Amino acid sequence: MCDFYGEEGALSLCICILEEIHEKHIAARLRDKTQTDSGPAHLKPETFAKDFRLRYTHFVKETFQIWTDENSLPGEYDLLNNRYSQLIILDHHRHEVERKHEIMSLGKKHSQIMRNRAHSSITIDSLFKPDKCKRIPQIVVLQGAAGIGKTMTVRKIMLDWACGELYQDMFDYVLYIHCRKMNLYAESSIVDIILQQCAKDDAYNEILRNEIIRNPKKLLFIVDGFDELRFSLDQPEDHLCSDPRKKEPVDILLRSLLRKKVLPESYLIVTTRPTALEKLRKCLECSRYAEILGFSEEDRRRYFHKFFQNKNQAAQAFKLVRQNETLFTMCFVPIVCWIVCTVIKQQLERKENFPQTSKTLTAVYMLYLSSLLKSHKSGPKQHMAKNLRSLCSLAADGIWKQEILFWEEEIKKRGLDQDDSLPLFLNETIFKRDIDCKCSSSFIHLSFQEFFAALSYLLNSEKRHCILLCVRGQSNESDDMRALLESYVTSRPDLALTVRFFFGLLNEEKEMKDMKKHFGWKVSPKIKEILLKWVKNNIKSKIREFSSTDLWLLECLYEINDEHFVKGALDHVTEIELDHFFLTEMEEMALAYCLEHCCCLEVFSLQYIPIEPEVYKEEVKEEQEEEICTSSQLPLDGQEYHYPTPQEQLYKAVKSLKGHLRILRLTNCVFTSAQWKDLSPVLCTYPRLSELKMVNIALKESGMRLLAGGLKHQDCRIQTLGLSDCRLTAGCCKDLSSVLITNQTLVHLDVSWNMLGDSGIKLLCEGLEHPDCKLQSLRLSNCYFTDACCGDLAEVLCTNQTLRDLVLSHNKIEDTGMKQLCTRLKHPRCKLERLRLKNCSVTEASCGDLSSVLSTNQNLMELQLNSNNLRYSGVKLLCEGLEHPNCRLKVIGLGSCSPKAQQELDIVKQIKPHLVIF
């Protein structure tokens with residue numbers, strides 16, 4: 001220490017260390033002894049400078065490494081580095097079109113825009129690097145909307161400097177001035193403001209004053225929250241101060257610092273909300289303009305992991321939020337990200353389910369509004385309400401006119417240019433228009449504008465501004481609401497989110513009630529009645545082709561989250577069929593919620609459209625990354641929290657469809673083993689369920705075993721069972737066979753596109769041959785069996801007296817298997833009426849046997865042989881059987897069998913005109 005600092009420096013450092021390890025008594029004695037021997041005046045300047053900088057950096061570390069949230073209780077805090085995530089900072093102006101795209105985009109489009117912005121983003125260590133003209137800026141203005149992360153960014157600058165990671169060669173001191181605290185001072189000096197950050201003994205004060213201002217070009221002042229200053233800075237030049245030691249009113253001191261009248265060689269970083277930029281321009285000519293845009297998608301993921309500090313919880317929470325396109329987009333704003341994480345964490349702690357506790361999109365936006373209003377406490381409550389109404393009026397006007405940028409005249413007209421006019425919700429940007437530069441304001445994102453537009457309906461005042469005021473004049477609340485709804489349905493799809501927010505604002509959850517009460521918002525009791533009637537009129541009782549409006553209505557019902565209202569809105573719906581439809585995760589959650597409250601539903605069919613391969617690969621990669629995160633660390637209490645996926649919520653909703661449900665069809669859905677275990681007893685609780693069809697669902701052996709348990713229950717009334725492409729194997733056929741024997745109501749079974757194989761078909765035949773089997777229709781298309789099991793199938797044909805329809809298409813039956821089948825098809829006990837053998841590798845060698853069947857079997861009405869290589873000779877033999885007077889066939893399929901045999905088929909058609917040949 002002596003070698004590095006010298007004897008006096010080492011002594012000062014020793015005193016510091018003694019204080020740090022709480023040996024303050026020894027430190028005080030050592031300090032007294034040092035001052036008695038030489039006194040502070042005799043310390044060498046360079047030694048004292050090192051000592052003081054050491055103390056100051058220690059103070060900055062201790063002060064700025066701590067981060068407290070807005071809702072932190074006394075003693076609760078986190079480390080800044082544990083919470084800080086990099087933000088996108090731009091040092092160039094964007095064009096008007098670019099800004100509009102940012103404001104309006106959602107989901108992947110917005111993520112792509114933010115990703116592109118991140119590529120041209122600067123970092124905090126490059127704020128004072130030379131610009132394109134090779135000039136090093138002396139003043140940097142960091143501007144950004146409320147809650148975008150300005151304060152956290154400058155606190156991170158303070159901490160990194162103190163830790164020796166930033167600006168070490170450039171600045172000896174980085175000094176923080178919080179404008180909100182400056183409002184409390186009447187008179188001070190620049191030096192005193194600095195010293196108040198790091199209290200010292202009186203004996204040192206004069207030395208400190210000299211040390212701090214000794215080299216101004218090595219000073220960096222951070223002025224945080226310029227927009228929060230409550231006093232005017234419009235003083236004339238002769239009122240400025242040039243002496244850093246002189247006491248002056250605080251407004252004069254700050255203006256002098258910004259105007260470079262005092263300590264002109266020093267550097268500045270000033271943070272401000274965009275709406276105070278004009279006020280700031282009157283004080284300085286900034287050398288560098290930079291704007292904080294918020295989080296990229298990857299930054300959001302990183303923030304979630306830092307907030308939860310638990311990979312399992314973070315991955316689940318991030319996945320949950322990403323399911324909601326609008327909410328995930330809004331998380332580019334750090335304060336929204338914090339609100340969302342806070343709410344989810346509280347649900348985890350309470351062992352509650354986030355999606356099921358009414359934390360809707362509207363609720364999150366309400367939390368955002370409440371958070372920012374609490375931080376903006378200037379003026380009386382009535383004045384705040386007036387300003388909020390003006391803000392909502394601006395939003396509503398813009399939504400109706402399809403405007404997202406508002407020019408200065410409009411802002412001034414509504415009184416939103418004043419210091420106390422809640423400018424925190426607006427973002428200011430300067431654009432070049434023709435030969436002028438004009439200032440434009442916008443909401444930080446279009447969804448916030450849509451939220452405030454919807455909120456305009458709840459503000460109770462005599463002169464209420466609503467969304468249609470600009471074209472319809474004063475009108476009552478219910479008329480405005482009807483006009484808004486009808487406009488969306490007939491001509492304005494862009495109003496969708498506004499209307500959805502309106503539904504959400506009618507939510508009666510406790511949090512929503514408390515906020516409405518706090519801000520004095522009232523809703524007419526007739527509104528819900530009118531809204532309910534309108535919803536019922538616009539939702540069909542049999543929804544067979546979902547339109548965007550239908551799905552939107554379900555999302556609105558999810559947003560209002562009122563069980564009584566939703567049940568009333570859906571009490572007439574009996575059928576919902578979503579076939580060949582792609583659902584977003586938000587639509588899945590909305591559908592699941594509505595299904596749980598759709599008490600009269602009789603038919604439900606859901607068929608997903610397969611995801612595009614590129615999108616699928618991307619989502620699989622993300623899922624794998626999240627699985628790695630999830631498996632690597634469990635929550636602190638050792639429990640694994642699980643939020644249901646939208647499809648899991650949908651499954652839960654399907655389970656709740658009891659009573660009236662007759663038909664249930666699900667395609668491309670993903671169910672777990674645990675869900676199949678639940679489904680088995682559920683089938684018994686559906687007294688009217690007669691048809692259950694599942695396609696492309698990974699049932700497998702374990703699932704089939706569980707499902708079979710429910711199908712064999714005495715109360716199960718299912719008549720039609722479809723399990724096409726459900727990953728069934730030969731091992732599943734034993735359970736299927738037992739179902740055929742036990743279930744007396746099952747008459748139609750489809751197990752096509754499963755790898756049952758010869759052994760599986762043989763097991764299935766055991767059940768088919770049982771006298772208690774009542775099956776009438778069996779589909780075994782593409783089940784990967786061969787001629788080896790055709791003997792067993794042939795025995796079924798004459799043993800089973802109920803089987804009427806058999807599909808064996810797309811299996812390698814070949815001629816040997818066909819011969820065995822034909823033997824039993826001619827048996828007098830064979831009752832089969834329809835047999836389909838498309839693409840079964842049958843040739844002309846089997847046509848003689850088939851012709852004999854046609855002339856013998858009096859029950860067979862339909863035979864399909866399409867896509868078999870029968871050739872001309874084979875078709876000619878079949879025609880002999882078709883022409884026989886005993887042939888009762890009504891339909892025959894011979895497509896792609898032999899184009900040359902058309903003449904023979906025409907002759908058959910003349911003999912038997914009723915016969916359908918295709």
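### Considerations on the overall build of the protein
- When you go through the protein residue by residue, the secondary structure sums to 39 helices and 26 strands.
- Taking all 918 residues of the protein together, the buried fraction comes to 55%.
- The long-range fraction of contacts in the protein, counting pairs at least 24 apart against all pairs at least 6 apart in sequence, stands at 80%.
- Carbon together with sulfur atoms contributes 51% to the accessible area of the protein, which is approximately 40800 Å² in total.

### Brief notes about the environment of Asp192
- Mapped onto the elements, Asp192 comes out in helix H9 (residues 190-195).
- Residues Asp192 and Arg245 lie 53 residues apart in sequence; the distance between their C-alpha atoms is 7.5 Å.
- Among the polar contacts listed, one links the side chain of Asp192 to the side chain of Lys247, at a separation of 2.7 Å.

### Quick word on the pairing of strand E5 (residues 173-178)
- Taken across its six residues, E5 has six buried, putting it largely inside the fold.
- Burial along E5 is two-sided: Tyr173, Leu175 and Ile177 facing one way and Val174, Tyr176 and His178 facing the other are all buried.
- In this structure, E5 lies alongside strand E7 (residues 219-224), joined through six bridges in parallel fashion. Within E7, the residue paired with Tyr176 across the bridge is Ile222.

### Some points on the packing of helix H25 (residues 525-538) against helix H27 (residues 563-570)
- In the contact formed by H25 and H27, the axes pass within 8 Å of each other and the chain directions differ by 35°. Every pair of crossing elements has a handedness; the one defined by H25 and H27 is right-handed. Contacts between H25 and H27 involve Lys528, Leu531, Leu532, Val535 and Lys536 from the former and Phe565, Gly568 and Ala569 from the latter.
- Looking at the contact of H25 with H27, its residues break down into five nonpolar, one polar and two charged.

### Observations concerning the sheet that holds strand E3 (residues 88-90)
- Strand order in the open sheet formed by six strands is E3-E10-E4-E9-E7-E5, and the pairing between neighbours is mixed. In this open sheet, the two edge strands, each paired with only one partner strand, are E3 and E5. Adjacent strand axes in the sheet meet at a mean angle of 20° when their direction is disregarded.
- Across five bridges, strand E4 (residues 139-143) lies against strand E9 (residues 267-272) in parallel orientation. Counterpart to Val140 in the pairing with E9 is Ile269.
- Along the sheet, helix H11 (residues 250-258) makes contact with E4, E5, E7 and E9, crossing E9 at roughly 115°.

### So, helix H36 (residues 814-825)
- Between its terminal C-alpha atoms H36 stretches 16 Å, which fits the 16 Å expected from 12 residues at 1.5 Å a residue.
- Taken residue by residue, H36 has Gly817, Met818, Leu821, Cys822 and Leu825 as its buried positions. Across the axial projection of H36, the buried residues extend over an arc of 140°, all falling on one side.
- Looking at the buried side of H36, the elements it contacts are helix H35 (790-799), strand E23 (834-836) and helix H37 (847-856).

### Focus: the pattern of salt bridges
- Summed over the entire model, instances satisfying the criterion amount to 26 salt bridges.
- Taking the shortest distance from any N to any O, the salt bridge between Asp571 and Lys536 comes out at 2.5 Å. Within this pair, whereas Asp571 is found in the loop between H27 and strand E15 (575-581), its partner Lys536 is found in helix H25, the two being separated by 35 residues in sequence.
- For Lys536, a relative accessible area of 28% gives the class partly exposed.
- Here Glu563 makes a salt bridge to Lys567, at a shortest N to O gap of 3.2 Å. Here Glu563 pairs with Lys567, and both are found in helix H27, just four residues apart, close to one helical turn.
- Connected via shared salt-bridge partners are Arg804, Asp805, Glu833, Arg834, Arg836 and Glu862.

### Describing a nonpolar patch on the surface
- On the surface, a nonpolar cluster with roughly 290 Å² of combined accessible area is contributed by Met1, Ile17 and Ile21.
- Along the polypeptide, Met1 turns up in the segment before helix H1 (2-20).

### Re the nonpolar core
- Judged by nonpolar contacts, the single largest core of 272 residues is most densely connected at Phe604, Leu723 and Leu780.
- Of all the elements, helix H16 (residues 334-349) adds the most residues to this core, at 10 residues.
- Filtering out sequence-adjacent residues up to four positions away, Leu723 remains in contact with Met694, Leu699, Met704, Leu707, Leu728, Leu736, Asp750, Val751, Ser752 and Asn754.

### Digging into the packing of helix H33 (residues 733-742) against helix H34 (residues 757-768)
- Between H33 and H34, whose axes approach to 8 Å, the crossing angle comes to 15°. When the axes of H33 and H34 are compared, the pair comes out roughly parallel. Relative to H34, the crossing made by H33 is right-handed. Across the interface between the two elements, Cys733, Lys734, Leu736, Ser737, Leu740 and Ile741 from H33 touch Gly760, Leu763, Leu764, Glu766, Gly767 and Leu768 from H34.
- Partitioning the contact of H33 with H34 into residue classes produces seven nonpolar, three polar and two charged.

### As for the confidence of the model for the protein
- Looking at the protein, the pLDDT average stands at 79 and 80% of residues meet or exceed 70.
- Contacts for the low-pLDDT stretch residues 39-43, under 50 throughout, to residues beyond four places or in other chains number eight contacts.
- The low-confidence segment residues 610-641 (pLDDT under 50) makes 44 contacts with residues lying over four places distant or belonging to another chain.

### Observations concerning the state of the cysteines
- Inspection of every chain in the model, using the stated rule, returns zero disulfides.
- No disulfide involves Cys341; its nearest neighbouring cysteine sulfur is the one of Cys337, lying 4.9 Å away.
- Residue Cys341 is classed as buried on the basis of its relative accessible area, which comes to 0%.
- Cys733 supplies the cysteine sulfur nearest to Cys783, a cysteine that is in no disulfide, at a spacing of 8.0 Å.
- Among the residues examined, Cys783 registers a relative accessible area of 0% and is labelled buried.

Conventions adopted
- Numbering of residues starts from 1 in every chain and runs along the sequence as written.
- Totals for whole chains, interfaces and linings use all residues, but because this is a predicted model, local features are given only for residues with pLDDT of at least 70 and pairs of side-chain atoms are given and counted only at 80 or more.
- Side-chain numbers come from the whole structure's heavy atoms, not from hydrogens or water.
- We count a stretch as a helix when DSSP gives it H or I for four or more residues in a row; a strand needs E for two or more, and each element gets its number in order from the N terminus.
- Only protein chains enter the calculation, and the probe is 1.4 Å; a residue is then buried if its accessible area is under 20% of its type maximum, exposed if over 50%, and partly exposed in between.
- Residue contacts are counted whenever heavy atoms from the two residues lie within 4.5 Å of one another.
- Per-residue and other accessible areas follow the Shrake-Rupley method at a 1.4 Å probe size, with only the shown protein chains counted as cover for residues.
- Two N or O atoms form a polar contact when they lie within 3.5 Å of each other; inside protein one atom must be a possible hydrogen donor and the other a possible acceptor, and for residues adjacent in sequence the pair counts only when both atoms belong to side chains.
- The criterion for strand pairing is that DSSP finds at least two bridges linking the strands in question.
- Interaxial angle, 0 to 180 degrees, is taken between N-to-C directions of lines fitted to C-alpha atoms, where a helix line uses only the stretch in contact.
- The sense of a crossing depends on the near helix, which, turned anticlockwise from the far helix by less than a right angle, makes the crossing left-handed and, turned clockwise, makes it right-handed.
- Only Asp, Glu, Lys and Arg are considered charged, only Ala, Val, Leu, Ile, Met, Phe, Trp, Tyr, Cys and Pro nonpolar, and every remaining residue, Gly among them, polar.
- Here the expected length of a helix is defined as 1.5 Å per residue gap, with one fewer gap than residues.
- Directions are taken from the helix axis to each C-beta atom, and the arc is the one they span.
- For salt bridges, the criterion is a side-chain nitrogen of Lys or Arg within 4 Å of an Asp or Glu carboxyl oxygen.
- Within this analysis, patches are made of residues with over 30% relative accessible area and no salt bridge. Like charges are joined at 9 Å or less; nonpolar side chains (Val, Leu, Ile, Met, Phe, Trp, Tyr) at 5 Å or less.
- By convention a nonpolar core is built from buried Ala, Val, Leu, Ile, Met, Phe, Trp, Tyr and Cys residues, the set being connected through side-chain atoms within 4.5 Å.
- Under this scheme an angle from 65 to 115 degrees is roughly perpendicular, one under 35 degrees roughly parallel, and one over 145 degrees roughly antiparallel; angles in between are oblique.
- Confidence per residue, as judged by the predictor, is encoded in pLDDT with a range of 0 to 100.
- Sulfur atoms of two cysteines make up a disulfide when they are within 2.5 Å.

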